[in-house]
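# Architecture at a glance
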Amino acid sequence: MLTQIKGLHHVTALASSASRNNSFFTNTLGLRRVKKTVNFDAPDVYHLYYGDELGTPGSVMTYFPFPQAARGRRGTGEVATTAFTVPEGSLDAWEARLTEAGVTGLDRLNRYGEHRLAFEGPDGEGLALVEAEDDRTPWTGGTVAADMAIRGFHSVQMRLRDAGPTAELLGAMGYQEECRQANVMRLVLPEHNGAGTIDIETVDAPRGTQAAGSVHHIAFAVEDRAAQLEVRKALTEQGFQITPQIDRDYFYAIYFRSPGGVLFEVATNEPGFDRDEERAHLGEALKLPTQHAHLRAQLERTLEPLD
């Protein structure tokens, strides 16, 4: 069993509008935009990162907003819900805030003794806020006060036809089954960065279609490239086809497809989002990967302006 995995690093999803996505996560949810860059493979599309003050691994939601993209169809083989931790006793205030903002799909739930508020993002993506003790420091420079601000990820919930093979993989990655409730299995890392929970919902349904509102991949955190190579070697020996290490400027990444169909990434905590911007100004300027630097004038003309 691997011990290098520290929890979630980031979750990356697809959107249909950069400005609507940016407004929702910074204004409505009160996260900080910690990086404004572009998709490595499609530089005419933004890659936007939202999180705590520094974009600490375990707090970062990222999006590829493809303008006018069609909405995805929910199903199996995907991440159904991305959940964030908020302080205990804050859900009433959050429900009022999201209602006032016109957010759809609000639903109060209780799972494993935890109070949660489910809701939909701007493209219908499944999101939730979960009340829990969490000593991570929130971003308070935005629109949400510290007594209700998001601390980071709580968990993701995958929707699969067969939980077994993915649960076995997660077991090899260090996760342990904690409990089950109806058709949902909860797996937790014994020690983690605050974002150490994965829920797997088993459903007999068609596969989802990935488009706006769909999670593209989930990334697991490791400290550095040496730990990442250890994970790569161990999983390769188990038969998984894993990419070489890829430099994503703010972390190094390896990717592979999990048995249930969800794309997994293992990302390093190094070097971080402050490698090319002062901490006080993270996410303000358009940052381009080296291979796309020559496109700056064109991209600054054609990318949608963001506040």
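Our subject in this report is the structure included herewith. No experiment lies behind these values; they were computed from the predicted model shown. Each chain has its residues counted from 1, following the order in which its sequence is written. Side-chain atom pairs in this predicted model are given and counted only at pLDDT of 80 or more, local residue features only at pLDDT of at least 70, and totals for whole chains, interfaces and linings cover all residues. Side-chain descriptors were evaluated using all non-hydrogen atoms of the structure, hydrogens and water having been removed beforehand.

## Some remarks on the overall build of the protein
Condition: Secondary structure elements are taken from DSSP: a helix is a run of H or I of four residues or more, a strand is a run of E of two residues or more, and numbering for both begins at the N terminus. Each radius of gyration reported is based on C-alpha atoms, and the globular scaling rule is 2.2 Å times the count of residues to the power 0.38. Three exposure classes are used, based on accessible area relative to the maximum for each residue type with a 1.4 Å probe and protein chains only: buried under 20%, partly exposed in between, and exposed over 50%.
Counting its regular elements, the protein contains five helices and 16 strands. The C-alpha radius of gyration computed for the protein amounts to 18 Å, which stays within 12% of the reference 19 Å derived for 307 residues, consistent with globular compactness. The principal-axis extents of the C-alpha atoms in the protein amount to approximately 50 × 45 × 40 Å. A buried classification covers 59% of the 307 residues belonging to the protein.

## Section: the side chain of serine 16
How we decide: What qualifies as a polar contact is a pair of N or O atoms within 3.5 Å, subject to a donor-acceptor requirement within protein and to the restriction that residues adjacent in sequence count only when both atoms come from side chains. Contact definition: two residues touch when any of their heavy atoms are within 4.5 Å.
With respect to the element layout, serine 16 can be found in the loop between β1 (8–15) and α1 (18–28). Judged by its relative accessible area of 9%, serine 16 falls in the buried class. A distance of 2.5 Å separates a polar atom in the side chain of serine 16 from a polar atom in the side chain of aspartate 123. Not counting residues within four places of it along the chain, the set of residues in contact with serine 16 comprises Phe66, Pro67, Gln68, Ala69, Asp123 and Ala212.

## Thoughts on the pattern of salt bridges
Selection rule: Each salt bridge in this description consists of a side-chain nitrogen of Lys or Arg and a carboxyl oxygen of Asp or Glu lying within 4 Å of one another.
Taken as a whole and judged by the stated rule, the model has 16 salt bridges. The residue aspartate 276 makes a salt bridge to lysine 35 at a minimum N-O spacing of 2.8 Å. In this pair, aspartate 276 is assigned in the loop between β16 (263–271) and α5 (296–302) and lysine 35 in strand β2 (residues 32–38), connecting sequence segments 241 residues apart. Exposure remark for lysine 35: the relative accessible area of 0% places this residue in the buried category.

## Remarks on the sheet that holds strand β6 (residues 107–111)
Either a parallel or an antiparallel arrangement is found when strands of a sheet pair, and the pairing is made through backbone hydrogen bonds. For the record, the criterion: When DSSP finds two or more bridges between two strands, those strands count as paired. Working convention: axes come from line fits to C-alpha atoms, limited for helices to the stretch in contact. Angles between N-to-C directions cover 0 to 180 degrees.
Across the sheet, which stays open at both edges, the eight strands sit in the order β6-β7-β8-β5-β9-β12-β11-β10 with mixed pairing between neighbours. Edge positions in the sheet fall to β6 and β10 (176–181), since each has one partner strand and no second. Across the sheet, the mean angle separating the axes of adjacent strands is 25° when strand polarity is ignored.

## Let's talk about the packing of aromatic side chains
Applied cut-off: A pair of aromatic rings is counted whenever rings of Phe, Tyr or Trp (Trp by its six-membered ring) have centres within 6.5 Å, and the orientation is called stacked for planes under 30 degrees apart, edge-to-face for over 60 and tilted otherwise. When the NZ atom of lysine or the CZ atom of arginine is within 6 Å of a ring's centre and also within 35 degrees of its normal, the charge is said to sit over that ring.
What the rule picks out here adds up to 12 aromatic pairs. Within the aromatic cluster, the residues linked to one another by ring pairs are Phe24, Phe25, Tyr50, Tyr63 and Phe119. When the ring centre of tyrosine 252 is taken as reference, the NZ or CZ atom of arginine 225 above it lies at 4.3 Å. Above the face of the phenylalanine 40 ring, arginine 248 is positioned so that its terminal group lies 4.9 Å from the ring centre.

## Digging into the nonpolar core
Under the convention used in this document: Working definition of a nonpolar core: buried Ala, Val, Leu, Ile, Met, Phe, Trp, Tyr and Cys residues. They are joined through side-chain atoms within 4.5 Å.
Core analysis: the biggest nonpolar cluster contains 69 residues, and Trp94, Leu170, Met173, Phe220 and Phe264 have the highest contact counts within it. In contact with leucine 170, not counting residues within four places along its chain, are Met158, Tyr175, Leu187, Ile198, Ile200, Phe220 and Phe264. Counting residues in hydrophobic clusters, the runner-up holds 12 residues, among them Val60, Ala219, Tyr250 and Ala267.

## Here's the deal with the side chain of aspartate 199
Its place among the elements puts aspartate 199 in strand β12 (residues 197–202). Judged by its relative accessible area of 0%, aspartate 199 is buried. There is a polar contact of 2.8 Å between the side chain of aspartate 199 and the side chain of arginine 186. Ignoring any residue separated from it by four or fewer positions in sequence, one finds aspartate 199 in contact with Arg111, Tyr112, Arg116, Ser155, Val156, Gln157, Met158, Val184, Met185 and Arg186.

## A look at helix α2 (residues 91–100)
We apply this condition: In this context, the arc is that of the directions from the helix axis out to the C-beta atoms.
Leu91, Trp94 and Leu98 are the residues of α2 that are buried. Projection of α2 onto a plane perpendicular to its axis shows the buried side chains occupying an angular sector of 55°, all on one side. Facing away from the buried surface of α2 by more than 90 degrees, the exposed residues are Asp92, Thr99 and Glu100. Of the surrounding elements, those touching the buried residues of α2 are α1, β5 (78–86), β6, β7 (114–120) and β8 (126–131). Taken from the residues just after α2, glycine 102 is the one with a positive phi, measuring 80°.

## Quick notes on the sheet that holds strand β3 (residues 46–51)
Within the open sheet, the eight strands sit side by side as β2-β3-β4-β1-β13-β16-β15-β14. Their pairing is mixed. A single partner strand is all that each edge strand has here, and the edge strands are β2 and β14 (246–247).

From the geometry alone we can't say anything about function, so treat these as descriptive.
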